[in-house]
Amino acid sequence: MGQTIAEKIIAEHARVECVVPGQIVTVPVDMAMANELSAALSIKELKSWGIEKLFDTNRVCLIPDHFTPNKDINAAGITRTVREFANKHDIKWYFEVGRAGIEHAVLPMEGVILPGQIMVGGDSHSCTAGAINCLATGVGSTDIACAWATGDIWLKVPQSAKLTYSGKLPPYVYGKDLILYALKDLGTAGATYMSIEFHGSVFDQLPMADRFTMANMAIEAGGKTGIFRFDEKTKELVESTPRYKAEKPSYKTYDPDPDAVYAIERKYDVSNLEPMIARPFSPDLVGPVSEIKNVKIDQVVIGTCTNGWLDDMIRAAEILKGRKVHRDVKAIIIPGSQKIARQAFDLGLPQIFIDAGCVFSTSTCGPCIGGHMGVLGENDVCVSTTNRNFKGRMGHITSRVYLANTSVAAASAVLGRVGSPVEL
Amino acid sequence: MILKGSVYKTGENINTDVIMPGRWCHLTDDKELAKHCMEDLDIDFHKKIKVGDIIVADDNFGCGSSREVAPLSIKAVGISAVVAKSFARIFYRNAINIGLPIFESPECADATEAGDRLEIDMFGGKIKNITKGKDFAFAPFPPFMKTIIDKGGLKGWVLEKLGKA
Ligand code: SF4
């Protein structure tokens, strides 16, 4: 029987010929990553289990990013715990504030994870790395502690869903719109436990950034992971990372068999798609932006792990260049990582943002999780390029978040209401 | 093992942001976690719950983030089990890993109301609604998960693997 990409990667790691969905296997993980919040619990657990030695410190990655730079005294305590743990165990892949960014934007860009590998992350959006043809999935802190202690993790082999996108992309339609469109179709539980495989010619028209955005949001459909096939664009990205250049590690890539079995198959023609938007309070309440009329906004957030890639910074600048943010709107731009921020500076983008009246923030999860740097107050309305708009996600429980692509968010910042770039 | 308790009923898509809002995600202490459990859904949740109570929910319970503080807070507040029509994936494995018993039974979720008394035979695959006098079956845990549950969570499995048990 043919195998999907996820099945092949799991079978290879489990050292068996093939695996079937539903089967529970124990596999070695190539990388077990945690942010400061999930790490704090994992560290506490390892301690309570009496475990002093990690299985392999080179397969551990720690990135404080949620409440950093420390938002308060509590956060300072937590990040200190994580740093001390990293130092004690001499963890190579520890990324300190200023040299890091948001975990999902850092890992693949540094080469910490490679195609064909299995990565578990103590964060639900760990699936982002699936854009480079690996199996990356979010787990809890106990799982991370287990992986750090034993090198292994238990996995239920997921069913797979195959989403194929074809057609010619209209202007201002990007990866975010493609995944929001799929969420509208599948719902927030439509792909529960599944590995979502993304296929189609559309991805030749888009940069890697859009693959990351789409893999990132696989979890919003309940997915275990989102995976893209490996191609020239993937190769170029992977082989330009600092780790690859330094170590030239070998890696394997995986394509599904032609007779692979999928639980769900969908074909989407994108040629007539408009930019999409998800209304509060769920990422699957999706429709074209043009349907949302007269919704005044207080804040715009552009960036984070979903849309904080260099291409997003470029797209935001295209809209904001020579324009001003509406007087009632706070526009906050957050690049995914310090590296992306640096590249943005090289292109002169922060200057454009600041001239337009935006905040250009250091890389942090910040407002996305209602942490800091733009928490929403009572009845505030926000257009955000992040991935979740549940009640209270970005602050007060009466605040409302609309999820959209970068160009729509930037246009809304200028318009002072939910709107599209074509209205400018 | 038999679990017994009164039912606290919730709806569908109860996400981890309402179970344990982001602003409390830095907490690791059980008592603190218990205080904020389900806060954005029901501010008095922790006051209403008696030790042993059972949450009964609709579809996709625990969707959203991987934050383990979500199931930990539910356990800390004294909930003995969660029964739902279905669970989100990460919540499901986190609950198993930390030893919070959870069961998928759409029939039970449909027929059960707030305040009903339930009796769950964990390994017998049966939930009894004592108030309504009805029985519901749930699919038994796969052997691997049963092993983890038997050991009270993933900790036991890890220690055994490392020869420390
Ligand atoms: S940016 Fe938001 S979604 Fe991404 S890792 Fe941070 S909190 Fe999670």
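What you are looking at is a predicted structure, and each value in this text was computed from that prediction instead of being measured.

Quick notes on the overall build of chain B
If you tally the helices and strands in chain B, you get eight helices and seven strands. Over its C-alpha atoms chain B spans a radius of gyration of 15 Å, differing by no more than 12% from the 15 Å that the globule rule assigns to 165 residues. Each of the three principal axes of chain B carries a C-alpha extent, and together these read 45 × 35 × 25 Å. Counting only residues that meet the buried cut, chain B has 61% of its 165 residues in that class. Counting only contacts in chain B whose residues sit at least 6 apart along the sequence, the fraction spanning at least 24 positions is 62%. The centroid of the 23 positive side-chain charges in chain B is displaced by 5 Å from the centroid of its 23 negative side-chain charges.

Observations concerning the nonpolar core
Burial of nonpolar side chains together is a common tendency in soluble globular proteins. L62(A), W148(A), F61(B), I74(B), F91(B) and F103(B) are the most contacted members of the largest nonpolar core, which totals 109 residues. Shared between two domains, this core holds at least three residues of each, these being domain 1 (5-266) and domain 2 (276-423) of chain A. Aside from chain neighbours lying at most four places away, what touches F103(B) is L3(B), A81(B), V82(B), V83(B), A84(B), F87(B), I120(B), M122(B), I127(B), F138(B) and F141(B). Judged by nonpolar contacts, the second largest core, of 105 residues, contains A105(A), I179(A), F228(A) and V295(A).

Some words on the interface of chain A and chain B
Counting residues at the interface gives 48 residues for chain A and 40 residues for chain B. Across the chain A/chain B interface, buried area totals approximately 3,600 Å², and carbon plus sulfur atoms make up 61% of it. At the junction of chain A and chain B, the tally comes to three salt bridges. Among the ionic pairs, K161(B) bridges to D152(A), the shortest N-O distance being 2.8 Å. Looking at the side of chain A that touches chain B, the elements that each hand over two or more residues are β1 (24-28), α2 (36-48), α3 (73-88), β6 (135-138), α5 (141-150) and β7 (152-156) of chain A. Among the residues forming the side of chain A that touches chain B, the class breakdown is 20 nonpolar, 18 polar and 10 charged.

Remarks on the domain arrangement of chain A
Residue and element names in this part refer to chain A. Along its sequence, chain A is carved into domain 1 (5-266) and domain 2 (276-423). A separation of 24 Å is found between the C-alpha centroids of domain 1 and domain 2. The interface is formed by 41 residues belonging to domain 1 together with 39 residues belonging to domain 2. The contact between domain 1 and domain 2 buries some 3,300 Å² in all, and 63% of this surface belongs to carbon and sulfur atoms. In terms of surface lost to domain 2, no three residues of domain 1 exceed I102, Y172 and K176, which account for 19% of the buried area on that side. Along the contact surface separating domain 1 from domain 2 lie three salt bridges. Connecting domain 1 to domain 2 are 27 residue pairs in polar contact (both at pLDDT 80 or more). Taken together, the elements giving at least two residues each to the side of domain 1 that touches domain 2 come down to α4 (103-110), α6 (175-186) and α7 (208-216). With six residues, the top contributor of residues to the side of domain 1 that touches domain 2 is α6.

Observations concerning α5(A)
Residues and elements named next belong to chain A. Of all 10 residues in α5, 10 are buried; the element is thus mostly enclosed. For α5, every residue scored as buried is listed here: S141, T142, D143, I144, A145, C146, A147, W148, A149 and T150. G151, located one to two residues past α5, shows a positive phi value of around 85 degrees.

Some details on the sheet that holds strand β18 (residues 400-404) of chain A
Residues and elements named next belong to chain A. Pairing in this open sheet of seven strands is mixed, and the strands run β13-β12-β18-β17-β14-β15-β16 from one edge to the other. Bordering the open sheet on either side are β13 (286-288) and β16 (359-360), each of which pairs with just one other strand. In this sheet, β18 lies alongside strand β17 (residues 381-384) in parallel orientation, the contact comprising four bridges. Bridged to V383 within β18 is Y402. Across the sheet, helix α11 (residues 310-320) lies against β14 (299-303), β15 (330-334) and β16, angled at about 150 degrees from β15, the strand it touches most.

As for the sheet that holds strand β4 (residues 102-104) of chain B
Picture the strands of a sheet paired through backbone hydrogen bonds; they go either parallel or antiparallel. All names here are of chain B. Judged by pairing direction, the sheet is mixed, and its seven strands sit side by side in the order β4-β3-β2-β1-β5-β6-β7 without closing on themselves. This sheet does not close on itself; its edge strands, each paired only once, are β4 and β7 (134-137). Taking the axes of each pair of neighbouring strands and ignoring which way they run, one obtains an average angle of 25 degrees across the sheet. Here strand β3 (residues 81-84) pairs with β4 via three bridges, running parallel. Looking at β4, one finds that V82 is bridged to I102.

Thoughts on unusual backbone geometry
Residues and elements named next belong to chain A. Cis geometry marks the peptide bond from T68 to P69; its omega dihedral reads -15 degrees. As for its position among the elements, P69 is in the loop between β3 (60-63) and α3. Positive phi outside glycine occurs at N294, with the angle close to 55 degrees. Locating N294 in the fold gives a position in the loop between β13 and β14. The phi dihedral of M373 is positive, around 60 degrees, even though this residue is not glycine.

Conventions used here
Residues numbered from 1 in each chain as written. Chains lettered and ligands numbered in written order. Predicted model: local features only at pLDDT ≥ 70, side-chain atom pairs only at ≥ 80, totals over all residues. Heavy atoms only, no water. Helix = DSSP H or I, 4+ residues; strand = E, 2+ residues; numbered from the N terminus. Rg over C-alpha atoms; globule rule 2.2 N^0.38 Å. Buried < 20%, exposed > 50% of the residue type's maximum accessible area, 1.4 Å probe, protein only. Contact = heavy atoms within 4.5 Å. Lys, Arg positive; Asp, Glu negative; His and termini not counted. Charge placed at Lys NZ, Arg CZ, Asp CG, Glu CD. Core = buried A, V, L, I, M, F, W, Y, C linked by side-chain atoms within 4.5 Å. Domains from an automatic or database assignment. Buried area = accessible area lost by both parts, 1.4 Å probe. Salt bridge = Lys/Arg side-chain N within 4 Å of Asp/Glu carboxyl O. Nonpolar A, V, L, I, M, F, W, Y, C, P; charged D, E, K, R; others polar. Polar contact = N/O pair within 3.5 Å; in protein donor to acceptor, adjacent residues only side chain to side chain. Pairing = 2+ DSSP bridges. Axes fitted to C-alpha atoms, helices over the stretch in contact; angles between N-to-C directions.

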